[in-house]
Amino acid sequence: AHGPKGIMQDYTTRLNKKVRKLGLRHALSQKLKEGNLVVVSDLRAETHKTNALAKAMDLYGIGGKRGSPAFILDDARDEDDGEEEEEEEEERDVRSVGGLDINFKVASGNVPNVRVANQLGANVYDILKHEKLILSLAAITALEGRLMP
């Protein structure tokens, strides 16, 4: 007579897709207005060592114990020539997994105050929570395609 009780109750609310897109657009605009949006051409690391990446980020005041917290977005893809020959049987040099450069992902894993994600993982909370937002050109083009009204 009075509806479900106990474990069955769910009070979560969901936002419409267009409201979520609008929020993401506003968060990106806010970072641009603040001057905390950094655009890089490519997010590749030569090595998987954390020390090398931490020193490079330290030069720009990003990450580490004293640096600004940063949210890094990328959309790395392996270049496919479309040729599906027997080269697959040989060892391929895979550079990216899940839209992120492998070396960059591994190297950034232990850098404090730095979060690395694919552009599909971009959300308003993480963008506003971190002081700096670092985007690759590939991530910008993918976000443009996703957020166009």
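These remarks concern the structure in this document. (Residues numbered from 1 in each chain as written. Predicted model: local features only at pLDDT ≥ 70, side-chain atom pairs only at ≥ 80, totals over all residues. Heavy atoms only, no water.)

**Some thoughts on the layout of surface pockets**
Step number 1: In this structure, the largest pocket spans a volume of roughly 410 Å³.
Step number 2: If you list the elements that add at least two residues to the lining of the largest pocket, you get β1 (37-40), α2 (50-59), α3 (102-107) and β6 (132-136).
Step number 3: Considering each element in turn, the lining of the largest pocket owes the most residues, four residues, to α2.
Step number 4: Across the lining of the largest pocket, the residue classes break down as 14 nonpolar, one polar and five charged. (1 Å grid on protein atoms, 1.4 Å probe; cavity = no way out; pocket = protein on both sides within 12 Å on 5 of 7 lines; lining within 4 Å. Points joined across faces, edges and corners; volume = space filled by probe spheres on them. Helix = DSSP H or I, 4+ residues; strand = E, 2+ residues; numbered from the N terminus. Nonpolar A, V, L, I, M, F, W, Y, C, P; charged D, E, K, R; others polar.)

**A word on the pairing of strand β2 (residues 70-74)**
On a regular strand, each side chain points to the face opposite its neighbour's, so the side chains alternate between the two faces of the sheet.
Step number 1: Among the five residues in β2, five count as buried, and that is most of the element.
Step number 2: Burial of β2 is two-sided: the residues A70, I72 and D74 facing one way and the residues F71 and L73 facing the other way are all buried.
Step number 3: The sheet contact formed by β2 and strand β5 (residues 114-118) spans five bridges and is parallel. Paired with I72 across the strands is V116, a residue of β5.
Step number 4: By the bridge criterion, four bridges tie β2 to β6 in an arrangement that is parallel. Considered in β6, the bridge of L73 is made with L135. (Buried < 20%, exposed > 50% of the residue type's maximum accessible area, 1.4 Å probe, protein only. Pairing = 2+ DSSP bridges.)

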